[in-house]
Amino acid sequence: MNLKPIFVIKNSGYYAGVDENGDWYSDTAEGLKSVNENGGIGILPILEMNRKDFDIYLTEKIAQSELKSNIKVSELTIKIITLSFDVSTYWAELGIEWLNEKEINSDLKNILNKLIETKQYSPKFRQKALAKIKKYERIKTCT
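These figures come from a predicted structure and were not determined experimentally.

**Student:** An account of the packing of aromatic side chains is requested, with residue identities and associated values reported.
**Tutor:** Taken as a whole and assessed by the stated rule, the structure comprises 5 aromatic pairs. Between Phe54 and Trp98, the aromatic rings sit 5.5 Å apart at their centres with planes inclined by 40°, giving tilted as the arrangement. Of this pair, Phe54 sits in helix H1 (residues 51-64) while Trp98 sits in helix H3 (residues 89-98); the two residues are 44 residues apart in sequence, bridging distant segments of the chain. A centroid spacing of 6.1 Å and a plane angle of 75° characterise the contact between Phe85 and Phe125, whose relative ring orientation is edge-to-face. Pair noted here: Phe85 is in helix H2 (residues 73-87) and Phe125 is in helix H5 (residues 123-142), with a separation of 40 residues, a long-range link. Ring pairs connect the aromatic residues Phe54, Tyr57 and Trp98, which therefore count as one cluster.

**Student:** Got a sec to walk through the pairing of strand E2 (residues 15-18)? Specific residues and values, please.
**Tutor:** Both faces of the sheet carry side chains from a regular strand, because those side chains alternate between them. Pairing of E2 with strand E3 (residues 24-28), which is carried by 3 bridges, proceeds in the antiparallel orientation. Following the sheet pairing, Gly17 is matched in E3 by Tyr25. The antiparallel pairing of E2 with E3 creates a hairpin that spans 5 residues between the two strands, and Gly22 there sits at a positive phi of about 85°.

**Student:** How would you summarise H2 if you had to cite specific residues and measurements?
**Tutor:** Given a rise of 1.5 Å per residue, 15 residues ought to cover 21 Å, and the 21 Å separating the end C-alpha atoms of H2 matches this to within 8%. Regarding H2, the residues found buried are Val73, Leu76, Thr77, Ile80, Ile81, Leu83, Ser84 and Phe85.

**Student:** I'd like to hear about the packing of H1 against H2, residue by residue, with values.
**Tutor:** At their nearest, the axes of H1 and H2 sit 10 Å apart, and the two run at 130° to each other. Taken together, the axis directions place H1 and H2 in an arrangement best described as oblique. Pair H1 / H2 crosses with right-handed handedness. Contact with H1, carried on its side by Arg51, Phe54, Asp55, Leu58, Thr59 and Ile62, involves Val73, Leu76, Thr77 and Ile81 of H2 and no other residues of that element. Each residue belonging to the contact of H1 with H2 can be placed in one class, and the counts come to 6 nonpolar, 2 polar and 2 charged.

**Student:** Break down the nonpolar core for me, citing the residues and quoting the values.
**Tutor:** Ranked by internal contacts, the top residues of the largest apolar core, which has 34 residues, are Phe7, Trp24, Leu58, Leu76, Ile80, Phe85 and Leu112. Of all elements in the fold, only strand E1 (4-8), E2, H1, H2, H3, helix H4 (106-117) and H5 reach the threshold of two or more residues within this core. For this core, the leading source of residues is H2, giving 6 residues.

**Student:** Provide a residue-level description of a positive patch on the surface, including the pertinent values.
**Tutor:** A grouping of Lys102, Lys134, Lys135 and Arg138 is seen on the molecular surface, where their side chains present a positively charged patch. Topologically, Lys135 is positioned in helix H5. You can call Lys135 partly exposed: its relative accessible area is 38%.

**Student:** Provide a residue-level description of the packing of H2 against H4, including the pertinent values.
**Tutor:** Here H2 crosses H4 at 25°, and the two axes come no closer than 11 Å. Accordingly, the angle class assigned to the pair H2 and H4 is roughly parallel. Between H2 and H4 the crossing geometry is left-handed. Residue-level inspection shows Ile78, Thr82 and Phe85 of H2 in contact with H4, the latter providing Leu108, Ile111, Leu112 and Leu115. Classifying every residue of the contact of H2 with H4 by side-chain character gives 6 nonpolar, 1 polar and no charged.

Criteria and cut-off values
Residues numbered from 1 in each chain as written. Predicted model: local features only at pLDDT ≥ 70, side-chain atom pairs only at ≥ 80, totals over all residues. Heavy atoms only, no water. Phe/Tyr/Trp six-rings, centres within 6.5 Å; stacked < 30°, edge-to-face > 60°. Helix = DSSP H or I, 4+ residues; strand = E, 2+ residues; numbered from the N terminus. Pairing = 2+ DSSP bridges. Expected span 1.5 Å × (residues − 1). Buried < 20%, exposed > 50% of the residue type's maximum accessible area, 1.4 Å probe, protein only. Axes fitted to C-alpha atoms, helices over the stretch in contact; angles between N-to-C directions. Parallel < 35°, antiparallel > 145°, perpendicular 65-115°, else oblique. Left-handed = near helix turned anticlockwise from the far one by under 90°. Contact = heavy atoms within 4.5 Å. Nonpolar A, V, L, I, M, F, W, Y, C, P; charged D, E, K, R; others polar. Core = buried A, V, L, I, M, F, W, Y, C linked by side-chain atoms within 4.5 Å. Patch = residues over 30% accessible without salt bridge, like charges linked within 9 Å, V, L, I, M, F, W, Y side chains within 5 Å. Areas by Shrake-Rupley, 256 points an atom, 1.4 Å probe, with all protein chains shown as cover. Salt bridge = Lys/Arg side-chain N within 4 Å of Asp/Glu carboxyl O. Lys, Arg positive; Asp, Glu negative; His and termini not counted. Charge placed at Lys NZ, Arg CZ, Asp CG, Glu CD.

In short, the description is geometric, and any link to function would need to be established separately.
What follows is the structure in structure tokens.
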């Protein structure tokens, strides 16, 4: 695997990158892991950044790299947001803040509906998740 590291999380020391196929990987305590296989836990601290600032930062890093220009920032952020829902309420709260209603699909909607029903999450989190689903539904019916 030829991984091109794209960015480093300063607080954790972990890095994330993309292989030649466009698959995201993260450096973890166990070594490199695909973000698709929950390897993104080491890069969850990106959720502590402002989403817009991170999107700009990552877009610039990708442009500076030798990677193909079709690598999408939103693919990584959706994977990290989805992963955040399975790690802890702290990360889930940050993940829901990052989530843009336009990025929701039916799978993510189902995940959010399950989280709304789970009492482990705060009422504030569940209200935000419900509001995002409702906005997604309005966007979906308008298109």
